Amino acid sequence: MSNPRIFQNLIGGTFLPSRSGQTFERRNPADTRDIVGVFQESNAEDVDVAVAAAKAAFPTWSQIPAPRRGEILLRAATILEARKERYSHDLTREMGKPLFEAGGDIVEAIGMAQYAGGEGRRMHGVTTPSEMPNKFQMSIRQPLGVVGLITPWNFPMAIASWKMLPALVAGNTVVIKPGEDAAVSTYNLVEALMEAGLPPGVVNIVTGYGPGAGQPLVEHPDVPLISFTGSTTTGRLVYELGARQIKRVSLEMGGKNPLIVMPDADMDLVMQGVVWAAFGTTGQRCTATSRLIVHKDVAEPLVARIIERAQHLRVGNGLHPATEMGPLVNEKQMQRVLGYIELGQQEGATLRCGGGRMSEGDLAHGWFVQPTVFTGVTPQMRIAREEIFGPVLSVIEVASLEEAIAVANDVAYGLSASIYTRDINAAYRAMLALQAGIVYINAPTIGAEIHLPFGGVKATGNGHREAGPTMLDVFSEWKSVYVDFSGSLQRAQIDNVG
C-alpha cells in the first residue's frame, strides 16, 4: 500500500499526533509488503494529556444514569453487527488470524456490548434490615474514575470490549493503550461507540510501546485502576508499579493449558477439539491447548490422527477464505516459537510433525511456522511448563486419572483445562481438582462465553474476573449507606431533602 492510513491518538474527542513526533508502521504478518497503518509512538506527555481529558469527562459521564449509558452500548452493538465483515477484514490484516476466527472476535465484542449494555439496568446494590430501630441501610456501586486499559494483540477487539464496556457502563472514563501489533481494532470499537453517542473524552486512545506509553499509564497518579492482559512477566511489573500507589490492578496473563484424554473418550470429538485448540489462532491465545495429557492405552492411535490432520491444515494468509491457520504475529514471535521447538528437541522430546518455518511462495513474505507436535514429552521439560504462544503441542502420556490431574496442575499457570471422558464420576473429580479458572468437559480449552466469568489462578491472574455477572466488580466500588431516623436533627434533614 503506497499511502497507508495514519492513525493518531484519540484524546478528548480529537485525533492528535504524539508529542514525541515519532511514529511506527504495522505490517500484515501474512504479507509484510502490506502496510496496515502508521501509528503514534506515544510517550508520557501523551498519556498525561489523555488522562487529563478522561478526568475532565468523568464528572458528567458518571452522572449520566446507568440505563442511558447502557443504551449507548446497545446501539454500538448494532453498529458492530452491521460492520462485522469490514472489521473482521481489518482484524485479520493486522494480526493474521483467518477471517472466520476474526469474525468470532467481532461477535465477542457484539455480545459484550449487549451484555454490558443490559447491566446499565441491573447495577444492583443490596438492602438489608438493620439490627437497630429507626435505621435504614443499603449499599450502592460507584465508579472509580479514570481507568487505564492495556490490551494485547491476539484478540484485539474482544479483549478491548471485555474491559472497556463494563468500565463504561459502570460510569468510568477510559484511557486505553492497545497492543502495538494490532491497534486498528481498538479504533474500530471506539468508532462504533462514538457513533452510538459516546461523548468526547470518555474514551481516549494512546498507541505505542510498553516502556513509552504503557508504563506512564500504569504509574499515573490520576488513574486508580489498571486492567492488563498480556504476558506474566509484564503483568508482574504492572502489579509492582501499581502497588506502589495502592492502585487496583486486574491481571489476566499466561496459560499452559492441559487437555486430558481418558481411554473411554470419544476420539473423534477429541481429535477435532485438540486440533482447533492447539492450532487455532496459530496457538496465540492464552487458552490454547498446549499440553495433551493422554492415557497411554490410547495415546499412539490418537496422536497419529492428530498429526495427520495437522499436516493437512491449510496455512496461509488469513484473508483467503480457505485458510485454516495464519501466521505468527511478528518476526520476534516466530523466532521465539522456533527457539522453543529447537529446545524441545534438545530436551529429548520427539518431533513428530512440523517444526520449521514455512516460506514457500507467498508464505516467504510472512511469519509462518508449521503446526508442530512433540511426543515423548515429560512434565519437567520446558516445552511442557512454559508458555510458547505458538502452534506447538506437547503430548504427555499418563497411566491414570490421578496422574493426569497431578501433571495438569504441576505448572505455574491455571487458566483453562479440559477433560474428555464418558465417566461422569471422572469428569466431576477432574472438575473439582483441576487448578484452573475455567474447566471444560468433553470440549477443548477454548470457547469461553461472555456471560460467565473469565480468568485464572496462580500465575495466570490475581483473582479478578472479566465478563460474566462479576464483570462490574473490577470497575466499581461499593459504598455502604446508613440512615438513622431516630434523632430529631437527622429527621429534619431527611424531611428537607429535595
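Our subject is the structure listed above.
A short tour of the structure in this document, coming up. (Residues numbered from 1 in each chain as written. Predicted model: local features only at pLDDT ≥ 70, side-chain atom pairs only at ≥ 80, totals over all residues. Heavy atoms only, no water.)

### Let's talk about the side chain of E119
Looking at the secondary structure, you find E119 in helix α4 (residues 99-119). With a relative accessible area of 8%, E119 lands in the buried category. In contact with E119, not counting residues within four places along its chain, are V169, M471 and L472. (Helix = DSSP H or I, 4+ residues; strand = E, 2+ residues; numbered from the N terminus. Buried < 20%, exposed > 50% of the residue type's maximum accessible area, 1.4 Å probe, protein only. Contact = heavy atoms within 4.5 Å.)

### So, helix α2 (residues 66-82)
An ideal rise of 1.5 Å per residue puts 24 Å on 17 residues; α2 measures up with 25 Å between its terminal C-alpha atoms. Among the residues of α2, A66, R69, G70, I72, L73, A76, A77, I79 and L80 are the ones counted as buried. The arc that holds the buried residues of α2, viewed along the axis, is 165°, so those residues lie on one side. When the buried face of α2 is taken as reference, the exposed residues oriented beyond 90 degrees from it are T78, E81 and A82. (Expected span 1.5 Å × (residues − 1). Arc of directions from axis to C-beta.)

### Let's talk about the environment of G273
Mapping G273 onto the fold places it in helix α9 (residues 267-279). The spacing of G273 and E41 is 232 residues in sequence and 40 Å in space, taken between C-alpha atoms.

### Comments concerning the sheet that holds strand β21 (residues 416-420)
Pairing in this open sheet of 7 strands is mixed, and the strands run β15-β18-β19-β14-β13-β21-β22 from one edge to the other. The open sheet has two edge strands, β15 (350-353) and β22 (438-441), and neither has a second partner. Averaged over all adjacent pairs, the angle separating strand axes in this sheet is 25°, with direction ignored. Pairing between strand β13 (residues 257-261) and strand β14 (residues 289-295): 5 bridges, direction parallel. Residue pairing across strands places P258 opposite R291, the latter belonging to β14. Packed onto the sheet, α9 meets β13, β14, β18 (372-375), β19 (392-398) and β21 and runs at close to 140° relative to β19. (Pairing = 2+ DSSP bridges. Axes fitted to C-alpha atoms, helices over the stretch in contact; angles between N-to-C directions.)

### Side note on the pattern of salt bridges
Inspection of the entire model under this criterion finds 23 salt bridges. Put simply, K163 and E466 hold a salt bridge, and the shortest N to O gap is 2.5 Å. With a gap of 303 residues between them, K163 in helix α5 (residues 158-169) and E466 in the loop between β23 (457-458) and α14 (471-475) connect regions that are remote in the sequence. Salt-bridge contacts for R305 lead to D268; the nearest nitrogen and oxygen are separated by 2.7 Å. With a gap of 37 residues between them, R305 in helix α10 (residues 299-311) and D268 in helix α9 connect regions that are remote in the sequence. (Salt bridge = Lys/Arg side-chain N within 4 Å of Asp/Glu carboxyl O.)

### A few points about the sheet that holds strand β5 (residues 31-40)
The strand order across the open sheet formed by 3 strands is β1-β5-β4, and the pairing between neighbours is mixed. Either end of the sheet is taken by a strand with one partner, and the two such strands are β1 (6-7) and β4 (23-28). Here 2 bridges tie β1 to β5, and the two strands are oriented parallel to one another. Following the sheet pairing, I6 is matched in β5 by V38. Contacting β4 and β5, helix α3 (residues 84-95) crosses the sheet at an angle of about 105° to β5.

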